[in-house]
Each structure stands twice: as structure tokens, then as C-alpha cells.
Amino acid sequence: MKTVYKLLAVATVIFAVTSAFAEDLEVMHWWTSGGEAAAVAEFAKAFDATGNHWVDAAIVGGEAARAVMVSRITGGDPMGAFQFNHGRQAEELIEAGLLRDITDIAEAQGWKDVVNPPTLLDACTVDGRIYCAPVNIHSWQWLWLSHKAFEDAGVAVPTNWDEFVAAAPALEAAGKLPLAMGQEGWQQSGAFNVMMATLVPQEVYLGVYQDKNPEIAGGEEVAKVFQAAADARDMAAKSTVQNWNDATNLVITGQAGGQIMGDWAQGEFAVAEQVAGTDYSCLPGLGVTEMLDTGGDAFYFPVLKDEAQIAAQSELAALLLEPATQVAFNLKKGSLPVRGDIDMSAANDCMQKGLALLADGKILPSTGQLITPDTTTQINTLFTEFFADPSMTPEDAQKQFVSIIEDAE
Amino acid sequence: MKRPNQLFRNFSAKIAAIPMIVTALFVFVGGTAWTVVYSFTKSGLLPRLKWVGLDQYERLWTTKRWIVSIQNLAIYGISMLVLVFVIGFILATLIDQKVRFENVIRTVILYPFALSFVVTGLVWQWILNPEFGIQSIIRDLGWTNFAFDPLYNPKIAIFGVLIAGLWQGSGLVMVLMLAGLRGIDQEIWKAARVDGIPAWKTYLFIVIPMMRPVFITTLVLVVSGIVKLYDLIVAQTGGGPGIATEVPAKYVYDMMFGASNLGQGFAASTMMLVTVALIVIPWAMLEFGGKKHG
């Protein structure tokens, strides 16, 4: 027995000593698809290289993951760090004092000078203090087009939304689905928001989502957007897929003409070894108004008591925005980096278009930064209904939309 | 003779029941009260005591999705209740005719109940899918105009879910009914036969009334399954097409965890509780209230 105790004692000492240098930090996120997992592995590799240890806690599905994260934080068993989308998702956790203020790290690293666009850091800031480390930018405003589908239909590949709508009958005649659209609320309302951001002047988008002005939401310009959504509904009438990547796959295989989806669809084309420009086209801003929103992901750090854990958190926070980590991570993820001063020449055509728009400052805040998850869910429900029920007129839908915007905070 | 103190009668049994009583009081009653209280607040991601009166309820009852959810639950619930009892009882009487391979048949029919709702939902999603399921098989057989795609038609989608629910639940009702039938004394059958009463009349007017306790047990099981209908919907339709197969439990979950709006979720679950209470309390009083001295 004595030897056992001795061994245990020695083991404890060794453990205590090593843990003073190498700290295990549990990091929670919902990056589970192929490209996402490869991207997050870059963070883990970089963090392990600092002598600490990244304990990966991935949960499938953003909604499920957020529920687990919140219940662990509020239940007094916080993890070391977790991923959320930029915006208002973490608002209440910050107000309740559950998340760590990392302003000191941000200032030491000079985030204010390098983060581009600066609105990303604003989304992390509450009452002048910084609570999160933005890691990438994902934008919604992309139209992906299959060259094969248009060749088969004998029409030229469109260069903007109106040409696409005009080409729909030809596609249909050739037995193609004009527009691939997953039957999920977030995809349908996402496509609507893309149209609102690109088909009508930008003030409309900001008036509706930033100022929550019911008059603009009920106005003529938004009525046009609802009309365009009705066009999209007709074009997607035969689309029965659920998941966004299944819809993307219809475009990759040439069964569908196009899809409105964020730049994460890029990863699917890359996995299928398609070449931008010859196999598929990407039109930022639907080819109408070249504008991108600046949603994306950020890491937050719960308030912890253990000094060693806090030190590890600080190291991770600083590391996430290092130029080398940013390049490695974003190339795998297919997203744009949060700093404009790094070399992204390895990125492909579509990503370069995105980088150029970013550099020109042609950007919008994302809906996630402007409206609460509650309002988002209401809008998602409205569009699920609108896209499933062709008898629902654009006018009816707009009326409901106005009342949602009226109640939004 | 001195009567023993009431408190100490069955003392050990009372001690043993304490943990359960505490659980019931704190977890069930306490949790319920907490939920009801917070349904009057503006709780978002975290519970907050910021009173808003009946606002959450007002929003709830003006939300189309909630109304559709309630209607769906009513349609599903009533159809399920009637059909599962009819199918279960008929299956039980058929097996009760001393058929051969009774064990095999019973196992086959009960088997779906061993599957989770998630598996059931996925299986029936495929069976009812027009491209791989029943519709395509029948079309391949020559009837090219045959159409059967309930899950893609918003007007009847809830019945597509009902089919899956019936497939899963009928076996259990059958087994319970069979146990009830087997509990009926053979002498009663003989007496009925001597009196020349046809078998169907014997079932309807003699056996069924005698099986009352079995019916009550089954009813409780089936109804509780209906009210908490959630996983079948999530697996089979995800509430779609559109919002055609939304149910109250899913609304509660989506509000609490998807929309970060606890207050709205609490209001919806309170309404579910009220509905159940409105049905259960009068029934329980009728069923158990009068029997105290009986």
C-alpha cells in the first residue's frame, strides 16, 4: 500500500508542476463539418504550440451548442472559452457579468488598429469594454451559379439577379431546378435579407433592421423585396432538400441553376474540386449591389477563478488574432480574416472578390448584430411559412413582417 | 386501549417516502410554480424578474405558429386517441382467437414500440417520401398517376405524422388490451355462449365494461404520449412543410433555446399545463373522487 501512496503522491506533484506550465483549456464550438473541423484544428495546433493544451469540445448544431454553453455558464461550470456568432447572442451573458472583460488584452495587442472592419470590435464591445475576440468574417450576400446547368439549358450564365430570374423558364424547360433552397427558416429568411441588402438602396436595410422603422418595413421598397422573394419562391418551388449543403450540392452537380447562400458554401465547391469561373460563378451582392455583411464568429471567455486558467485564456485570446493563425484558420474555413494587414494571396477567386470588397469598405452590419435572436426566430418562422405556402401573398407576408419589426428591440 | 399515535403508523414506510415527497414538492411543484412566475417576466436568455404582466401571453395568442400548433395537437390527439384504441383493441381480439404463432405475431406488432420516436420518424419520412417511398413503388408497378405524399402537402402533413404515431403506438395498446382480455374469467365466456349471445356483443357489452381499469391505464399512457409529442415531429418533418406540423412542445423548446426568449417559452408551457389540468382535474375527480368510501 505504501508504495501506491508514494506513487500517487509523486504523480500529484508531477501533475501540479506540469499544470503550472501547461494548462488544459476546454474550448467549446459547433464547427463539426469537414472544412470547419480542419479550420479549428489550426487554432488547436497553434494553442498547443504555446505549451498549453486545447481540449476540444465540439457540439453538433449551433442551436444545441448554444443551449449547452449557456446552461454550463449559468450553472456555474464554465468552460475555458467558447465560440458564438458576432452580435447580440451573448448580450445578456455580458450584462449578467458572466463573461470576462478582455479589454487589457485587446489594448496590449492593438486590436483597435488592426481589426478591419472596426464594426467587428464594436460588436464585441459593451459600455466601452471588449468581451470577445472576433476570428473571422462570413457574409451572406452571394449567389452561386452552376455553369453546367446554364450550358444544358442553352443560356448564358447570368451576371446578376434579374438575368437569373429571366433565365428561369429556360432552366425549367431543360428539366433543371432554377433556384436551390433548403427548406429551413434561416436559409429562407437569409435569402430574403440578402435581397433586401442588395436589390434596393442600402438605407432600406439599415432602416428596417437598425432603426426598426415600421414605416420603412411597410414601404414600397420592401414591397419590391417581397415581390423578389415571391419570384424566388416560384423558382424554388420544386426544391425539396432540407440542408443548405444538399442544396449547394444540387448546384455543384448542375441539377440546379443557382443558390443564394453565404460564403461558407465556398467550402463545398472546394471539396468537390470545382474551379471558380469555369465550373461555377459567385456573384457577391447578387451581382446588383456589391455589398457584404460582416457576420462571423468570435470567441468569448467566461469569468474563471483559477489563476492558471485565466492565464491560459489570455494566451488563447491573444493568439486568435495573430497574423499566422488568422491566415491558416481562414484559408481552411473559407472565411475572410478579421485583420486587413495580412497576406491572403493563397485565397481563390471568390475569396479575393470578398477581400477586395472588404478593403473598399463596401460592408454592412449583419442582421445578427442588429436584431435579437428572438426577432430572428420570428422572421425565420414567417419565411418558412411564406416559402411553403404559395397562396400566401407578398402583401400578407409584408404585413406580418411589419408587426415583427414594430415589436423588435 | 390506547390508540397508537397516527404519526407513527407505518412509520418506516413514511420515512421511505420522504425523498420522493421532497422531490415531488421541490422539483415538480416548485419547478412548476417557478415557471408560472417567470412567465410573467421579460426573461430572455437568462431568467430575470422584470415584470411585464400578461405581455407574453398576449404575444403567444397572437402568434400564428402557436395557434397552428394547438390545432395540430388537437387533430393529432383526437385522431390518435380514437384510432389507437380501435386498432389496438381489434388486433388484441384477433390474437385472442387462439391463433397459431401468437407469440411471433405479438412480437412483430409490438416491435415498433421498441423503436424510439426518432427512428420511427426517420423511417416514415423515407416511406412517405414521394421519390423513394410508397408513391414510387406503386408508380413502378404501373399506376403512374398514383400520388401519395402527405408530408409534402401542408393540408394533410399532420396525418403523415399520425400514421407514424399509430404504427409506433398500436402495439403497446394491443398488448395491454390482450392482457386485459386474458384477465377475463373463461366462465363468463361460457355463460355468454350458453345464453346464445354472439361473440361481438359479448366483447362490446360484457368484456369491455369489465376491462375498465385496463382502459384507464392505457388512456393515461396514450394521452401523456400525445401531449409531449415532440421528437417524432422533429425527426419526421421538423415542423414543416412551412409550419404545417408544428406542435406546442416544439414551440416551447424553440422559444427557450433557439430564440433565447425564456419568458415566451414559459408562457407557452404554462398554457400547456393549464390545458392538461383542465382536462385531467375534472376527470380525476370523477374517476377517483367518489370512491373514498366505496
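The structure this text deals with has already been given above.
Now for a description of the structure that goes with this document. (Residues numbered from 1 in each chain as written. Chains lettered and ligands numbered in written order. Predicted model: local features only at pLDDT ≥ 70, side-chain atom pairs only at ≥ 80, totals over all residues. Heavy atoms only, no water.)

**Focus: the packing of helix α2 (residues 34–49) of chain A against helix α17 (residues 323–333) of chain A**
Residue and element names in this part refer to chain A.
And step 1. Direction vectors running N to C along α2 and α17 enclose 165°, while the axes themselves pass 7 Å from each other. By the angle class used here, α2 and α17 are roughly antiparallel. Crossing handedness for the pair α2 and α17: right-handed. The residues of α17 that touch α2, namely those facing Gly35, Glu36, Ala38, Ala39, Val40, Glu42, Phe43 and Ala46, are Thr325, Ala328, Phe329, Lys332 and Lys333. (Axes fitted to C-alpha atoms, helices over the stretch in contact; angles between N-to-C directions. Helix = DSSP H or I, 4+ residues; strand = E, 2+ residues; numbered from the N terminus. Parallel < 35°, antiparallel > 145°, perpendicular 65-115°, else oblique. Left-handed = near helix turned anticlockwise from the far one by under 90°. Contact = heavy atoms within 4.5 Å.)

**Here's the deal with the sheet that holds strand β3 (residues 81–85) of chain A**
Residue and element names in this part refer to chain A.
And step 1. The mixed open sheet is built from 5 strands, whose spatial order is β2-β1-β3-β12-β6. Two strands lie at the open edges of the sheet, namely β2 (53–58) and β6 (132–134), each paired on one side alone. The average angle at which neighbouring strand axes cross in this sheet is 25°, direction not considered.
And step 2. By the bridge criterion, 4 bridges tie β3 to strand β12 (residues 297–300) in an arrangement that is antiparallel. Each residue of the ladder has a partner; that of Phe84, found in β12, is Ala298.
And step 3. Contacting β1 (24–29), β2 and β12, α2 crosses the sheet at an angle of about 155° to β2. (Pairing = 2+ DSSP bridges.)

**Digging into the state of the cysteines**
All names here are of chain A.
And step 1. Here the structure, examined in full by the defined rule, presents 2 disulfides over all chains.
And step 2. In this model, Cys124 is linked to Cys132 through a disulfide, with the two sulfur atoms separated by 1.8 Å. Because the sign of the S-S torsion sets the handedness, a value of about -85° for the bond joining Cys124 and Cys132 places this disulfide among the left-handed ones.
And step 3. Residue classification places Cys124 among the buried residues on the basis of a relative accessible area of 1%.
And step 4. Note that Cys282 is cross-linked by a disulfide to Cys350, the S-S spacing being 2.0 Å. Its S-S torsion of about -105° marks the bond between Cys282 and Cys350 as left-handed, since a negative value means left-handed. You can see Cys282 sitting in strand β10 (residues 280–284) and its partner Cys350 sitting in helix α18 (residues 349–359), a full 68 residues away along the chain.
And step 5. The class for Cys282 is buried, based on a relative accessible area of 4%. (Disulfide = S-S within 2.5 Å. Buried < 20%, exposed > 50% of the residue type's maximum accessible area, 1.4 Å probe, protein only.)

**Some details on the packing of aromatic side chains**
All names here are of chain A.
And step 1. According to the stated counting rule, one finds 40 aromatic pairs over all chains in the structure shown.
And step 2. Between Trp30 and Phe84, the aromatic rings sit 6.4 Å apart at their centres with planes inclined by 50°, giving tilted as the arrangement. Taken together, the positions of Trp30 in the loop between β1 and α2 and Phe84 in strand β3 put the pair 54 residues apart, joining distant regions of the chain.
And step 3. Note on Trp30: relative accessible area 12%, which makes it buried.
And step 4. Judged by centre distance (5.5 Å) and plane angle (70°), the rings of Tyr205 and Tyr209 are edge-to-face. One end of the pair is Tyr205 and the other is Tyr209, both in helix α11 (residues 202–209) and 4 residues apart, which spans about a single turn. Across the pair, exposure class does not vary: Tyr205 and Tyr209 are buried alike. (Phe/Tyr/Trp six-rings, centres within 6.5 Å; stacked < 30°, edge-to-face > 60°.)

**Some words on the pattern of salt bridges**
And step 1. Counting across every chain of the model gives 22 salt bridges over all chains.
And step 2. Residue Asp77(A) pairs with Arg72(A) through a salt bridge whose shortest N-O separation is 3.4 Å.
And step 3. Classification of Asp77(A) by relative accessible area gives partly exposed; the value is 45%.
And step 4. Close ionic contact of Lys224(A) with Glu221(A) constitutes a salt bridge, the shortest N to O distance being 3.3 Å. With a gap of 3 residues between them, Lys224(A) and Glu221(A) both fall in helix α13 (residues 220–235), about one helical turn apart.
And step 5. Residues participating in the shared-partner salt-bridge network are Arg65(B), Glu246(B), Lys250(B) and Asp254(B). (Salt bridge = Lys/Arg side-chain N within 4 Å of Asp/Glu carboxyl O.)

By themselves, these are just geometric observations and shouldn't be taken as functional.
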